[in-house]
Amino acid sequence: MKQFFAPIGRYFRETDKWLYLFCILASSYSVLILAGIAYAGTTGTRQILVQAMATLIGLVATVVMSKIDYRFMANLWKLHLPVTLGLVILTLFIGVSPGDTDDHAWLSLFGGRLFLQPAELLKISFILTFALHLEKVKEHINKPINVLLLCLHGGIPVLLIHQQGDDGSALVFLGIFLCMFFAAGLSWKYIAAGIGALAIACPLVWNFVMSTDQKNRFLAVYAPDQVDSATLWQQMMGIRAIGSGGVFGKGLFSGEHTNVPMIYNDFIFAYIGEALGFVGAVAALLLLMAICARILLNSRQVEDQLGKYICVGVFSMIAVQTFINVGMCLNLIPVIGITMPFFSAGGSSVVALYLGIGLAMSVYMHNKKNLFSDS
């Protein structure tokens, strides 16, 4: 028996126990919230089972990923990148749109009993490959040719995901790219040039690129008097739900909640605010902040640049997604279809998040300079 438990004990002595704990607490919180939504009759028990199963698979994947040296995984890009990129390209031809979504970003498995969102897996490959690219050019990162090639590296997945119709995920990819590029030491002259180009591009994109539906989503937040009530409905109901929760909420299993579309997914934060009030909403945000802070803190203890960039990539994947989702629910930014990390129902997204955590754990465990080690 001692021989069985000894490796487990050794593993938990070597790993970042706090990061693991925060992730487990967030996932447990999520399952509890989904149980409350199911009790109210909005959804069945399927979302609860999928979330619980995805969490278990994710936890196992985290352990496996953390035991593999992140340098080895990054150098295997010729293996994992074609697979994840190929699956995303496949959705452009045979992608499906399950539930109430309007984009074809999923692949149907086992006759439609399960759905895979390849973009979630591509996030992990992108973090690894972009971190490797940044490390290889780190001494000359601000040479125009390197900046151009790095922008091309970041732009390809953004454009592919946009072609799926999943602009929310495309925005997350863009956030990961920008955060990692900035952390690698991108010159302020390029940042200033980028801001200037964005200012010029915005009116052109508004007038010649964006569809009427996309424009209405912006107007719903910044000029609500210019759109009809149907466009305002989801965000207004979300705000009403959060506001009605007060300090401590109506109760997780009270059976009373506002009928917000996609409440178990994109707008799960609205249910948390209504059921558990301000206290419950803050608790959820604090858990996500703790996860992000832990990953970012670990990145500062890394000896090599590759590990640092990987940690920044995983941090930005969670932070950007959280910022967009919560801002959307609070009517601060337009509805764009982004899940709340660890909380929203979704098997692919949960497993991908834990794969990212596994990468961050691998960086933590395979670096000699480790602030939190016993030594």
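Please refer to the structure higher up on the page.
These remarks concern the structure in this document. Just so we're clear, the structure is a prediction, and the values are computed from it rather than from any experiment.

Side note on the overall build of the protein
Item 1. Counting its secondary structure elements, the protein contains 14 helices and two strands.
Item 2. For 375 residues, the compact-globule estimate of 2.2 N^0.38 gives 21 Å, and the protein sits close to it at 21 Å.
Item 3. A principal-axis box enclosing the C-alpha atoms of the protein has dimensions of 60 × 55 × 45 Å.
Item 4. In the protein, of all internal contacts separated by at least 6 residues, the share reaching a separation of at least 24 is 73%.
Item 5. Of the roughly 18000 Å² of accessible surface on the protein, a fraction of 69% belongs to carbon and sulfur atoms.

A closer look at helix H2 (residues 17-39)
Item 1. Between the first and last C-alpha of H2 there are 33 Å, a value that for 23 residues agrees with the 33 Å anticipated at 1.5 Å per step.
Item 2. Phi turns positive, to about 90 degrees, at Gly41, one or two residues after H2.

Observations regarding the pattern of salt bridges
Item 1. Going through the model one piece at a time under the given rule, you end up with six salt bridges.
Item 2. A salt bridge links Arg294 to Asp16, with the nearest nitrogen and oxygen atoms 3.0 Å apart. Of this pair, Arg294 sits in helix H12 (residues 268-299) while Asp16 sits in the loop between helix H1 (2-14) and H2, placing them 278 residues apart in sequence.
Item 3. Relative accessible area serves as the criterion here: at 1%, Asp16 is assigned to the buried category.

Quick word on unusual backbone geometry
Item 1. Non-glycine residue Met262 carries a positive phi angle of around 60 degrees.
Item 2. Inspection of the secondary structure assignment puts Met262 in the loop between helix H11 (229-244) and H12.

Concerning the environment of Lys138
Item 1. Mapped onto the elements of the fold, Lys138 is located in the loop between helix H6 (118-136) and helix H7 (144-164).
Item 2. In sequence terms Lys138 and Leu186 are 48 residues apart; their C-alpha atoms lie 9.7 Å from each other.
Item 3. Non-local contacts of Lys138, meaning those with residues more than four positions away in its chain, are made with Gln305 and Tyr309.

Observations regarding the environment of Ile24
Item 1. Inspection of the secondary structure puts Ile24 in helix H2.
Item 2. Between the C-alpha atom of Ile24 and that of Gln47, which follows or precedes it by 23 residues, the distance is 18 Å.
Item 3. Contact partners of Ile24, with chain neighbours within four places excluded, come to Leu59 and Tyr354.

Some points on the side chain of Asn265
Item 1. Tracing the backbone shows Asn265 in the loop between H11 and H12.
Item 2. Residue class for Asn265 comes out buried when judged on its relative accessible area of 13%.
Item 3. Not counting residues up to four positions away in its chain, the partners in contact with Asn265 are Thr339, Ser344 and Ala345.

Here we look at the packing of H2 against helix H14 (residues 347-365)
Item 1. The geometry of H2 relative to H14 is characterised by a closest axis approach of 11 Å and an angle of 170 degrees between their N-to-C directions. When the interaxial angle is binned, H2 and H14 end up roughly antiparallel. Here Leu19, Tyr20, Cys23, Ile24 and Ser27 of H2 come into contact with H14, specifically with Tyr354, Ile357, Ala360 and Met361.
Item 2. Each residue belonging to the contact of H2 with H14 can be placed in one class, and the counts come to eight nonpolar, one polar and no charged.

Focus on the side chain of Gln321
Item 1. You can see Gln321 is positioned in helix H13 (residues 305-329).
Item 2. The exposure class assigned to Gln321 is buried, which follows from its relative accessible area of 3%.
Item 3. Here the side chain of Gln321 touches Lys123 through a polar contact of 3.3 Å, side chain to side chain.
Item 4. Gln321 has contacts with Lys123, Val172, Ser316, Ile338, Thr339 and Pro341, leaving out every residue within four places of it along the chain.

Here we look at a nonpolar patch on the surface
Item 1. On the surface, Ile89, Leu90, Leu92, Phe93 and Ile94 cluster together to form a nonpolar patch covering roughly 480 Å² of accessible area.
Item 2. By secondary structure assignment, the location of Ile89 is in helix H5 (residues 77-94).
Item 3. For Ile89, a relative accessible area of 34% corresponds to the partly exposed category.

Details of the layout of surface pockets
Item 1. Considering only enclosed or pocket space, the second largest pocket measures out at about 220 Å³ in volume.
Item 2. Along the walls of the second largest pocket sit Met65, Ile68, Met73, Leu76, His80, Thr84, Leu121, Ile124, Ser125, Leu128 and Leu355, which together make up its complete lining.
Item 3. Among the elements that line the lining of the second largest pocket, the one with the most residues is H6, at four residues.
Item 4. When grouped by side-chain class, the residues that make up the lining of the second largest pocket number eight nonpolar, three polar and no charged.

A few points about the packing of H13 against H14
Item 1. The interhelical angle for the contact between H13 and H14, taken along N-to-C directions, is 150 degrees, at an axis separation of 9 Å. Viewed along their axes, H13 and H14 adopt a mutual orientation that is roughly antiparallel. Regarding H13 and H14, the two cross each other, and that crossing is left-handed. Facing Gly307, Ile310, Cys311, Val314, Met317 and Ile318 of H13, the residues of H14 in contact are Ala352, Leu353, Gly356, Ile357, Leu359, Ala360 and Val363.
Item 2. Across the contact of H13 with H14, the residue classes break down as 11 nonpolar, two polar and no charged.

As for the nonpolar core
Item 1. Ranked by internal contacts, the top residues of the largest apolar core, which has 104 residues, are Ile291, Ile295, Ile310, Phe342 and Phe343.
Item 2. The residues contacting Phe343, other than those within four sequence positions of it, are Ala26, Tyr29, Ser30, Gln51, Ile268, Ile272, Ala284, Leu287 and Leu288.
Item 3. Ranked by size, the runner-up nonpolar core spans five residues in total, among them Leu219, Ala220, Val227 and Leu232.

What counts and how
Residue positions are given per chain, counting from 1 as you read along its sequence in written order. The predicted nature of this model means local features are confined to residues of pLDDT at least 70 and side-chain atom pairs, given and counted, to a pLDDT of 80 or more, with totals for whole chains, interfaces and linings taken over all residues. Hydrogens and waters are ignored; side-chain quantities use all the structure's heavy atoms. Only DSSP runs of H or I reaching four residues or more are called helices, and only runs of E reaching two or more are called strands; each is numbered from the N terminus. We take the radius of gyration over the C-alpha atoms and set the globule estimate at 2.2 Å times the residue count to the 0.38 power. A contact between two residues is defined here by any heavy atoms of the two lying within 4.5 Å. Accessible surface area values rest on a Shrake-Rupley calculation with a 1.4 Å probe, where residue burial reflects the displayed protein chains alone. A helix is expected to span 1.5 Å for every residue after the first. In the sections that follow, a salt bridge refers to a side-chain nitrogen of Lys or Arg positioned within 4 Å of a carboxyl oxygen of Asp or Glu. Three labels apply to residues, based on accessible area from a 1.4 Å probe with only protein chains included: buried if under 20% of the type maximum, exposed if over 50%, partly exposed otherwise in between. What counts as an axis is a line fitted to C-alpha atoms, over the stretch in contact for a helix, and the angles between N-to-C directions run from 0 to 180 degrees. Put simply, angles under 35 degrees are roughly parallel, angles over 145 are roughly antiparallel, angles from 65 to 115 are roughly perpendicular, and the rest are oblique. When residue character is reported, Ala, Val, Leu, Ile, Met, Phe, Trp, Tyr, Cys and Pro are called nonpolar, Asp, Glu, Lys and Arg charged, and the others, Gly included, polar. Pairs of N or O atoms within 3.5 Å make up the polar contacts considered here, provided that, within protein, one atom can donate a hydrogen while the other can accept it, and that residues adjacent in sequence are counted only when both atoms are side-chain atoms. Without a salt bridge and with relative accessible area above 30%, a residue can belong to a patch; like charges are then joined within 9 Å and nonpolar side chains (Val, Leu, Ile, Met, Phe, Trp, Tyr) within 5 Å. Here a cavity means grid points, on a 1 Å grid over the protein atoms only, where a 1.4 Å probe fits yet cannot get out; a pocket means an open set of points with protein on both sides within 12 Å along at least five of seven lines; lining residues are those with an atom within 4 Å of a point. Grid points are joined across faces, edges and corners, and a volume is the space filled by probe spheres set on the points. A crossing counts as left-handed when the near helix is turned anticlockwise from the far one by less than a right angle, and as right-handed when that turn is clockwise. Among buried residues, those of type Ala, Val, Leu, Ile, Met, Phe, Trp, Tyr and Cys that are joined through side-chain atoms within 4.5 Å constitute a nonpolar core.

Everything listed is a geometric property; what it means functionally is a separate question.
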